[in-house]
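Residue strings, one per chain:
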Amino acid sequence: MRFPLKWPALNGRVLLLGLLLASSAAYADDPRTTQTAGHKGPTALRGPGRAAIASANFHATEAGLEVLSKGGNAFDAAVAVASTLSVVEPESSGIGGGFMAVIHRAWDGKQFFIDARETAPAAVNVKDYLNKDGTPNRDTALNGPLSAGIPGEPAGLVWLSKHYGKLPLKDALAPAVRIARDGFEPDSRLINAITERQKDIGRWPASVTKFLPDGKPPVAGAVWRDPDQARTLELLGEKGLDGFYRGEVAQKLVSSVRAAGGNWTAKDLESYQVKEREPITVNYRGYRIVTAPPPSSGGVAVAEILNILSGFDLSKMDTAHRMHLVIEAMRRAFRDHNDYLGDPDFVKMPLDMLLSPYYADGLRQTILMDKATPSSMLPSSAGAEPGMHTTHFSIIDGEGNIASITLTVNYTLGSTFVAQGTGVLLNDEMDDFALVPNKPNVYGLLGSKANAPEPGKRMLSSMTPSIVFGADRIGVIGSPGGSTIITQVLEGIFAFIDGKNALGIAGQKRFHHQFMPDRVDMEDGVFDKATADELTRMGHALKQREPWGYMNVVTWDLKSGTLDAASDPRRPSGLGKVQ
Ligand code: DON
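Within every chain, residues take consecutive numbers counted from 1 along the sequence as written. Totals for whole chains, interfaces and linings use all residues, but because this is a predicted model, local features are given only for residues with pLDDT of at least 70 and pairs of side-chain atoms are given and counted only at 80 or more. As a rule here, side-chain values cover all heavy atoms of the structure and leave hydrogens and water aside.

**Structural notes on the sheet that holds strand β15 (residues 520–522)**
Definition in use: Pairing between strands requires that DSSP locate at least two bridges from one strand to the other. Helix and strand labels come from DSSP, where a helix needs a run of H or I of at least four residues and a strand needs a run of E of at least two; each type is numbered from the N terminus.
Here we have three strands laid out as an open sheet, ordered β14-β15-β16, and mixed in their pairing. The open sheet has two edge strands with one neighbour each: β14 (511–512) and β16 (542–544). Bridging between β14 and β15 involves two bridges; their strand directions are antiparallel. Of the residues in β15, the one forming a bridge with His 512 is Asp 521.

**Digging into the pattern of salt bridges**
The following threshold applies: Salt bridges are defined as contacts in which a side-chain nitrogen from Lys or Arg sits within 4 Å of a carboxyl oxygen from Asp or Glu. Each residue is assigned to one of three classes by its accessible area relative to the maximum for its type, calculated with a 1.4 Å probe on protein chains only: buried under 20%, partly exposed between the two thresholds, exposed over 50%.
Throughout the structure, instances matching the rule amount to 38 salt bridges. Among the salt bridges present, the one from Arg 545 reaches Asp 521, with a minimum N-O distance of 3.1 Å. Pair noted here: Arg 545 is in the loop between β16 and β17 (552–557) and Asp 521 is in strand β15, with a separation of 24 residues, a long-range link. We classify Arg 545 as buried; its relative accessible area is 9%. One continuous salt-bridge network, built from bridges that share partners, spans Asp 115, Lys 275, Arg 277, Asp 345 and Arg 458.

**Some words on the packing of aromatic side chains**
Heads up, the condition is: Only centres within 6.5 Å qualify two rings of Phe, Tyr or Trp (six-membered ring in Trp) as a pair; their planes then separate them into stacked at under 30 degrees, edge-to-face at over 60, and tilted for everything else. Note on criteria: charge over ring means Lys NZ or Arg CZ within 6 Å of the ring centre, with the direction from the centre no more than 35 degrees off the ring normal.
If you walk through the whole model with that rule in mind, you get ten aromatic pairs. Through a chain of ring-to-ring contacts, the aromatic side chains of Phe 75, Phe 112 and Tyr 164 assemble into a single cluster. Stacked on the ring of Phe 312, the Lys or Arg Arg 364 has its end atom at 6.0 Å from the ring centre.

**Comments concerning the site of the ligand**
Put simply, the rule is: We call a residue near a molecule or strand when any one of its heavy atoms sits within 4 Å of it. Think of a polar contact as two N or O atoms within 3.5 Å of one another; within protein, one of them needs to be a possible hydrogen donor and the other a possible acceptor, and neighboring residues in sequence only count if both atoms come from side chains. Using a 1 Å grid laid over the protein atoms alone, points where a 1.4 Å probe fits but cannot get out form a cavity; open sets with protein on both sides within 12 Å along at least 5 of 7 lines form a pocket; any residue with an atom within 4 Å of a point counts as lining. A molecule is said to be in a cavity or pocket once over half of its atoms fall within 2 Å of that pocket's grid points.
The local shell around the ligand holds 17 residues, among which His 389, Glu 429, Asp 432, Ser 462 and Gly 482 are the closest. Here an oxygen atom of the ligand and a side-chain polar atom of Thr 390 are 3.1 Å apart. Asn 410 is positioned with one of its side-chain polar atoms (N or O) 2.8 Å from a nitrogen atom of the ligand. Its atoms largely coinciding with the cavity grid, the ligand occupies the largest cavity.

**Let's talk about the environment of Pro 455**
With respect to the secondary-structure elements, Pro 455 resides in the loop between β11 (424–425) and β12 (466–469). Considered as a pair, Pro 455 and Ile 396 are 59 residues apart in the sequence and their alpha carbons are 37 Å apart.

**Thoughts on empty space enclosed by the protein**
Definition in use: Grid points are joined across faces, edges and corners, and a volume is the space filled by probe spheres set on the points.
In this structure, the largest cavity encloses a volume near 320 Å³. Forming the walls of the largest cavity are 34 residues, and the residues nearest its centre are Asp 431, Asp 432, Phe 433, Asn 441 and Leu 445. Looking at the lining of the largest cavity, the elements that each hand over two or more residues are α4 (138–142) and α15 (319–340).

**Describing the sheet that holds strand β9 (residues 402–408)**
As a reminder, the rule being used: Only the contacting stretch of a helix is used when fitting its axis, a line to C-alpha atoms as for every element, and angles between N-to-C directions run 0 to 180 degrees.
The antiparallel open sheet is built from seven strands, whose spatial order is β5-β4-β3-β9-β8-β2-β19. Whereas interior strands pair on both sides, the edge strands pair on one side only; in this sheet they are β5 (275–277) and β19 (575–578). Averaged over all pairs of adjacent strands, the angle between their axes in this sheet comes to 10 degrees, without regard to strand direction. Where strand β3 (residues 98–105) and β9 come together, seven bridges link them in antiparallel fashion.

**Section: the layout of surface pockets**
By volume, the largest pocket amounts to about 600 Å³. Along the walls of the largest pocket sit 24 residues, with Arg 322, Met 323, Val 326, Phe 494 and Asp 498 positioned nearest its centre. Elements with a minimum of two residues in the lining of the largest pocket: α15 and α18 (484–497). In terms of residues, the lining of the largest pocket owes the most to one element, α15, which gives four residues.

**What about the confidence of the model for the protein chain?**
Keep this limit in mind: Known as pLDDT, the predictor's per-residue confidence is scaled from 0 to 100. Between two residues, a contact is recorded if the distance between any of their heavy atoms is within 4.5 Å.
Per-residue confidence for the protein chain gives a mean pLDDT of 90, with 91% of residues at or over 70. Low pLDDT (under 50) marks residues 381–386, which in the prediction has 21 contacts with non-local residues, meaning those over four places away or in another chain.

**With respect to unusual backbone geometry**
The residue after Pro 294, namely Pro 295, is reached through a cis peptide bond having omega 15 degrees. Inspection of the secondary structure puts Pro 295 in the loop between β7 (287–291) and α14 (298–309). At the junction of Met 516 and Pro 517, the peptide bond is cis and its omega measures out at -5 degrees in the coordinates. Within the secondary structure layout, Pro 517 lies in the loop between β14 and β15. Here Arg 285, not a glycine, exhibits a phi torsion of approximately 45 degrees, which is positive. By the secondary structure assignment, Arg 285 is in the loop between β6 (280–284) and β7. With relative accessibility at 54%, the residue Arg 285 sits in the exposed group. For Leu 413, which is not glycine, the phi torsion reads 60 degrees and is therefore positive.

Structure representation (structure tokens):
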């Protein structure tokens, strides 16, 4: 057996013992338990010596590798990747948005969840999201400053750097500052996003300056610069939180927002706080999955689905029945998503119940083996296009530190609103609140009181950055795609457990059910004809959709020490690389 290069002082036998002890400590838990208090990792694992990064843009992957080569660790690299994505992939994430991260710290084997989600401003008013006749106003929910939550990403990057990184923040931000200042060639996704949202961009002068420099979207091959964002990132590097949440940048953010009809105050920015929370841990078929807790709904839903499925012997079933049961589990988990989940600092959630294997036992009893349950028949309370705006990256460094991070400005190019003189494109995350009870948001998700907007509250997210620990292998998984994030990650976990490599996991065909609308979305070819026919016979409404998601995966084979990295083959520009 070969072990990672970095362990010269130890012989193979000692290492093997270490590995066995580590894995038995980490995985001996009752396989049916789900815990919110995780923190038990494979403590004795040593790093692979090399590093791997997969992100949605090659500039960002290279920026992360550059920072690693300068002595940074996975968390410094994460700052470099995230800030570079803010420059080169603004349609998906940025310093005007937020992120959620699951990280694994090699030196003590602990996992943490970092919540840099946006918050509602103190003056939030539900009337701003209603037309005069009381119908939902989709424009204020999705465009312009009223749609924007107080950004969390800058504070999250400061937090990652300060608490987990090795390098000064300034050094980790340096590649992004350089690229913003010197320029880069926008890829087809960015050009398409600007073209798609040109009309909304045209409503705000600083947005026109940034995205339509010659009065029209950039063209392929042209160099695109973002000097205002370069300066803002530089101030963040020099002054930390004060560089964004106080002083010059904060003043410009507040005055631009207010001049355009928004309601932010200096206090909203000053009082923004990153929250560190216990990740959700679920054991499934000998694997330990560490994932996102509320205010993400992702981890709860993934845990609930896995707990339901762990009571079936899926390996003995034909594909149609296996898929039927997965879909039925998805349906039930999304029902609970709509009814119960929100910001844990504001709402009481029955998490012990939702995560309990006994609760899953009960739900399992409601599933018919041969027949779809119409969602309308399940006790509880409209459709949308799953997209791929928002972004996910995965990193493992040479020491074995791991970062699984999903970042968002919500819909393509967020609110399309850029604050004058800052280069900061604001998110439109307010639409992730249930702005109008039981009316679908842009991803067709419904919500209730638990996710109603309130001053300072975090809007519920589907972001599900995850790390899967097996006895022999570790996988770092996540993706954008609104509500489909949850099912993408779930299916990614299945692919990882089935032994697929990083490309196999990222490229695997997808299907999705989210309770309402009551249908199974599927990519072309995910089910063979016989399976599709059988699912239809059982009462599932199948609908073929354009491919969705942008999964970026890294894996680590603990026996050979080999790393693998891949970016979703559905999209251009991504890069998974081992160095
Ligand atoms: O936090 C959330 O769940 C959404 N803002 C994510 C949006 C997203 O993934 C967009 N991509 N289609």
